[in-house]
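What the coordinates show
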Amino acid sequence: MPRSTWPACAGAVCIAPSLLAADFGHLADAVHALEGAGAERLHVDVMDGSFVPNFTFGTDTVRALRRETSLPLELHLMIREPERHLETFAAAGADGITVHQEVSPHLHRTLSAIRALDCRSGAAINPSTPVTELHDVLDICDLALVMTINPGFGGQRLIPHTLHKVAALRAEIARRGLSTEIEVDGGVDVTNAAECAAAGATVLVAGTAVFGHGDGPAAGVGAIVAALSTAGSPTIPPQ
Ligand code: DX5
Ligand code: ZN
């Protein structure tokens, strides 16, 4: 999907289910279960066993997912030297590619290269990385990903202080009149989704909360959507 035709979130906030929490033996079923269920994109975690202590999907899996769905595929590359693999992932069917600031010494160049491939550009920061590290690339960044856990595994608890980084980033994006999306990733569930949105996140990644739902992934997405709409006026926890 060309970057120019990427659909904006239907509402103020959209859900990006993370396939990391799906049954890898039945990925196609997982994808099909999410179609028409309120998921507006799929989040695909690529890990290299070096930048993060785990391995997951590669280009062949992305190619297979592409055959199964027309939902936008956003790749979250948790790999060293991501710039070496952009073309391959784009050719495999990625619609968006997010790289980590911590392994991108030439982040501006890498984000520009992602856009040159007609993919949506994303930049991610770990919980220990200051949010100001993203300021100088926001104008070429379609999506800023604030990790709410230390990357590598699903099923962890959201680290509360990261929501203050989301709020600070939201203020910076508003001050400059940019349209950069803010995504949160890690430990997002029905208990904190509204807080994430209140902090300024517009895309919520959810793995365990979606695929661990007793009534299936569509119900998992629905539960988060419901939590967002029924929350009163949530505030983020004090720092
Ligand atoms: C972890 C990944 C996340 C992960 C989130 O490094 O980037 O996308 O799937 O999983 P949950 O929602 O279970 O924390
Ligand atoms: Zn992720």
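Above this text sits the structure in question.
Cut-off values and rules
Within every chain, residues take consecutive numbers counted from 1 along the sequence as written. Whichever chain is written first is A, and whichever ligand is written first is 1; the rest continue in order. Whole-chain, interface and lining totals are the exception, using all residues; otherwise, since this is a predicted model, local features are given only for residues with pLDDT of at least 70 and side-chain atom pairs are given and counted only at 80 or more. Water and hydrogen atoms play no part in the side-chain values, which are based on all heavy atoms of the structure. Distances are taken per atom, and a residue is near a molecule or strand as soon as one of its heavy atoms is within 4 Å of it. In protein, a polar contact requires one atom able to donate a hydrogen and another able to accept it; more generally it is a pair of N or O atoms within 3.5 Å, and residues adjacent in sequence count only if both atoms are side-chain atoms. Cavities and pockets were defined on a 1 Å grid built over protein atoms only: a cavity is a set of grid points that admits a 1.4 Å probe from which the probe cannot escape, a pocket is an open set flanked by protein on both sides within 12 Å along at least five of seven lines, and lining residues are those with an atom within 4 Å of any such point. More than half of a molecule's atoms lying within 2 Å of a cavity's or pocket's grid points is what places that molecule inside it. Under the DSSP-based scheme used, a helix requires at least four consecutive residues in state H or I and a strand at least two consecutive residues in state E, with every element numbered from the N terminus. Ten residues, namely Ala, Val, Leu, Ile, Met, Phe, Trp, Tyr, Cys and Pro, are considered nonpolar, four, namely Asp, Glu, Lys and Arg, are considered charged, and the remaining ones, Gly among them, are considered polar. Counting rule for disulfides: a pair of cysteine sulfur atoms within 2.5 Å. Classification of residues uses two cut-offs on accessible area relative to the type maximum, computed with a 1.4 Å probe and protein chains only: under 20% is buried, over 50% is exposed, and between them is partly exposed. Grid points are joined across faces, edges and corners, and a volume is the space filled by probe spheres set on the points. Like-charged residues within 9 Å of one another, or nonpolar side chains (Val, Leu, Ile, Met, Phe, Trp, Tyr) within 5 Å, are grouped into patches, provided each residue has over 30% relative accessible area and no salt bridge. Note on areas: these come from Shrake-Rupley sampling with a 1.4 Å probe, and a residue is covered only by the protein chains present in the view. Salt bridges are defined by distance alone: a side-chain nitrogen of Lys or Arg within 4 Å of a carboxyl oxygen of Asp or Glu. In this tally, Lys and Arg are treated as positive and Asp and Glu as negative; His is ignored, and so are the chain termini. The location of each charge is read from NZ of Lys, CZ of Arg, CG of Asp or CD of Glu. Water is absent from the atoms considered, so a metal site may look incomplete; donors are defined as N, O and S atoms within 2.8 Å of the metal, or 3.2 Å for Na, K and Ca. Geometry is assigned from donor-metal-donor angles: four donors are tetrahedral when every angle falls between 85 and 135 degrees, four are square planar and six octahedral when opposite donors sit over 155 degrees apart with all other angles between 65 and 115, and any other arrangement is irregular.

Some thoughts on the site of ligand 1
Not every one of the 21 residues close to ligand 1 is listed here, only the nearest: Ser18, Asp185, Gly187, Gly207 and Thr208. One of the side-chain nitrogen or oxygen atoms of His43 is found 3.4 Å away from an oxygen atom of ligand 1. Between ligand 1 and Thr208 there is a distance of 2.5 Å, counted from an oxygen atom to a side-chain nitrogen or oxygen. Judged by the proximity of its atoms to the pocket grid, ligand 1 belongs to the largest pocket. Secondary structure elements with two or more residues in the shell around ligand 1: strand S2 (42-47), strand S3 (73-78) and strand S8 (203-206). Per-element tally for the shell around ligand 1: the top contributor is S2, with three residues. Class assignment for the residues of the shell around ligand 1 results in nine nonpolar, 10 polar and two charged.

Considering the state of the cysteines
In total, this model carries one disulfide according to the counting rule given. Here Cys9 engages in a disulfide with Cys14; their sulfurs sit 2.4 Å apart. The class for Cys9 is buried, based on a relative accessible area of 17%. Here Cys14 falls in the buried class, since its relative accessible area comes to 1%.

Quick word on empty space enclosed by the protein
Tallied over the full model, the rule gives one cavity of 30 Å³ or more. If you add up the space inside the largest cavity, you get close to 50 Å³. Lining of the largest cavity is provided by Trp6, Arg41, Glu74, Gly96, Ile97, Thr98, Arg120 and Leu143. Of the residues forming the lining of the largest cavity, the biggest block, three residues, is contributed by strand S4 (residues 96-100). Grouping the amino acids of the lining of the largest cavity by side-chain chemistry returns three nonpolar, two polar and three charged.

A word on a negative patch on the surface
There is a patch of like negative charges on the surface, built from Asp23, Asp29, Glu35 and Glu68. Examined against the element boundaries, Asp23 turns out to sit in the loop between strand S1 (14-17) and helix H1 (27-34). The class of Asp23 is partly exposed, set by a relative accessible area of 48%.

Topic: the coordination of the zinc ion (ligand 2)
Protein coordination of the zinc ion (ligand 2) is provided by His43 (NE2), Asp45 (OD), His76 (ND1) and Asp185 (OD), with donor distances spanning 2.0 to 2.3 Å. Each of the six donor atoms around the zinc ion (ligand 2) contributes to a set of angles spanning 71 to 171°, which defines the coordination as octahedral. Spacing between the donor residues of the zinc ion (ligand 2) along their common chain follows H-x1-D-x30-H-x108-D. Across the pair, exposure class does not vary: His43 and Asp45 are buried alike.

Nothing here speaks to function; it is geometry throughout.
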